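# Close look at the chain arrangement
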Amino acid sequence: MSAKPQPGKDNFTRNLVIGVVLGVVLIMLVPTIISKQTKLAAKIPASVSAERGYGIVFNEELTGVPVIDIYEDFQCPSCARFEGTQGQYLDSIIEDKKATVVFHTLSFLGTESVLAANAAACSADQGKFLAFHKMLYQTQPQENSGAWTNEALVAAGESVGIKSKDYEECVTNGTYADWVGNVQASAAQSDVNSTPTVFINGKELDRNSYYDAAAFAAAVEQG
Amino acid sequence: MREFKLWFGLASRLTLGGVLLVAGFLKYDEVDKSQMAVRAYEMLPVSLANFIGIVLPFAEIGMGLLLILGAVTRITAALSALLMVVFVIGISQAWARGLSIDCGCFGGGGQVEPGTANYITPLLRDTGLLALGIYLFRYPQSKFSLDKSSQQNLEKGI
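Counting restarts for each chain, with residues numbered from 1 along the sequence as it is written. By the order in which they are written, chains take letters starting at A while ligands take numbers starting at 1. Whole-chain, interface and lining totals are the exception, using all residues; otherwise, since this is a predicted model, local features are given only for residues with pLDDT of at least 70 and side-chain atom pairs are given and counted only at 80 or more.

## Some remarks on the overall build of chain A
Assigned secondary structure in chain A consists of eight helices and six strands. Each helix and strand of chain A, ordered N terminal to C terminal, gives the series α-β-β-β-α-β-α-α-α-α-α-β-β-α. Radius of gyration: over C-alpha atoms. The globule rule applied is 2.2 Å multiplied by the number of residues raised to the 0.38 power. Radius of gyration (C-alpha) of chain A: 23 Å, far over the 17 Å computed for a compact globule of 223 residues. For chain A, the C-alpha atoms occupy an extent of roughly 90 × 40 × 35 Å along the three principal directions. Relative to its 223 residues, chain A shows a buried fraction of 37%. We call two residues in contact whenever the C-beta atoms placed from their backbones are within 7 Å. Sequence-distant contacts in chain A: of pairs separated by 6 or more residues, those separated by 24 or more amount to 78%. Numbering of helices and strands runs from the N terminus, with a helix taken as a DSSP run of H or I at least four residues long and a strand as a DSSP run of E at least two residues long. Whether a residue is buried, exposed or partly exposed follows from its count of other C-beta atoms within 10 Å of its own C-beta, namely 20 or more, 12 or fewer, or something in between, respectively; the C-beta atoms are built from the backbone.

## Remarks on the overall build of chain B
Within chain B, the regular secondary structure consists of six helices and two strands. Listing the helices and strands of chain B from first to last along the sequence gives α-α-α-α-β-β-α-α. In chain B, which comprises 158 residues, the proportion classed as buried is 44%. A separation of at least 24 residues holds for 71% of the contacts in chain B among residues at least 6 apart in sequence.

## Topic: the interface of chain A and chain B
On the chain B side, the residues contacting the 24 residues of chain A number 27 residues. Where the side of chain A that touches chain B is concerned, the elements lending two or more residues are helix H1 (7-35) and helix H7 (177-189) of chain A. Side-chain classes are defined by residue name, with Ala, Val, Leu, Ile, Met, Phe, Trp, Tyr, Cys and Pro counting as nonpolar, Asp, Glu, Lys and Arg as charged, and the others, Gly among them, as polar. Looking at the side of chain A that touches chain B residue by residue, the class counts come to 13 nonpolar, seven polar and four charged.

## Regarding the pairing of strand S3 (residues 67-73) of chain A
All names here are of chain A. Burial within S3 is extensive, with six of its seven residues counted as buried. Of the strand pairs in this sheet, S3 and strand S4 (residues 100-106) are connected by seven bridges, and their pairing is parallel. Along S4, the bridge assignment pairs Ile68 with Val101. Call a crossover right-handed when, viewed with both strands pointing away from you, the route from the first strand across the helix to the second goes clockwise. Between the parallel pair S3 and S4, the chain is carried across by helix H2 (residues 77-95), and the sense of this crossover is right-handed. Note: S3 against strand S5 (residues 197-200), four bridges, orientation antiparallel. By this definition, two strands are paired if DSSP reports at least two bridges between them.

## Topic: the sheet that holds S4 of chain A
Residue and element names in this part refer to chain A. The six strands lie next to each other as S1-S2-S4-S3-S5-S6, forming an open sheet whose pairing is mixed. With one partner strand each, in any of the chains shown, strand S1 (48-49) and strand S6 (203-204) form the two edges of the open sheet. Bridging between strand S2 (residues 55-58) and S4 involves three bridges; their strand directions are antiparallel. Following the sheet pairing, Ile56 is matched in S4 by Phe103.

## Considerations on the confidence of the model for chain B
Known as pLDDT, the predictor's per-residue confidence is scaled from 0 to 100. Per-residue pLDDT for chain B averages 92, and the proportion of residues at 70 or more is 93%. Scored as a whole, the predicted complex attains pTM 0.88, and scored at its interfaces, ipTM 0.86.

## Details of the domain arrangement of chain A
For the domain bounds, the source is a domain assignment made automatically or taken from a database. Taken domain by domain, chain A consists of domain 1 (6-35) and domain 2 (48-222). Look at where the C-alpha atoms of domain 1 of chain A and domain 2 of chain A centre, and you get two points 43 Å apart.

## Section: the pairing of S2 of chain A
All names here are of chain A. Direction of pairing for S1 relative to S2: antiparallel, over a ladder of two bridges. Residue pairing across strands places Ser49 opposite Gly55, the latter belonging to S2. The loop that links S1 with its antiparallel partner S2 comprises five residues; one of these, Gly53, has a positive phi angle of about 65°.

Now the structure itself:
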């Protein structure tokens, strides 16, 4: 018992360490919680309806037709497969006004998903969402490989015929970045746990019909 | 034997704390995925699951750091053990109900293609970590710990 520890000093170091650890964790946690709140002041694209989970809506005005909600992330490979299988059919029912279709462009896979979703909203303002959407999936790079920069997304827009200066500014400035966050927050509230996820008239569609053109069309027609 | 226990305590702290720290670190800047992972267990109301999805990575980082440094070892060990019990329950019920989810333990998570879910590995890992947590709760004294009590207990021969 000769080497008595100095209780005061020991306690001080320990309490300081506890304080620092808890302080740092809280300082990191609070901004994260705040950033995940829905931002009511976010600038939203013209074809977006907050009531429909901030999705980009086609044929909003129709009544008595099926409502198809599609939750997707531009970086998700299964979403590219879904677009490859069902994209043309979706385009045709939008054109023939046979359904209301809502695209929820999620961003949980990372920064490049946020950039792509923002650019997609910019393309919607130019009336080119469907073409741009298809183009992104056809040229989908490896997840977060750095390929989807704002410059690349501007070029992708040009390749589907968008020539407007507004589009370029919208992409470069990340005009709809807050809206992208709102889409994600809304999907979280709707309990969407993977992409793609499809709801027809509010009912989640069985996953087996996602990559089967006939089964998907049948499900849409049944409503 | 006492000396061995102290070294084993240190090893337990570093293992349990290290796993928690890594798990938290891999998730804290991807909380969208973390929220998705918690929701996919289908145990909690959606809003609560989303809240836990944000808080959990930060809690893991905090608990991991405190365990590694050996500060408030006993309380942190108890909390970690409780957390592991919750994880074991969550994974077991997902397995029993036939959900197809990724455990989301180290990032990722959410639903996966039917038949590709792996529940055994995370269950074994969490059970092992639970044992370490219980051990540290019972014997919080260890080498290189900031806790004063462990020094005092050492001298008293506890």
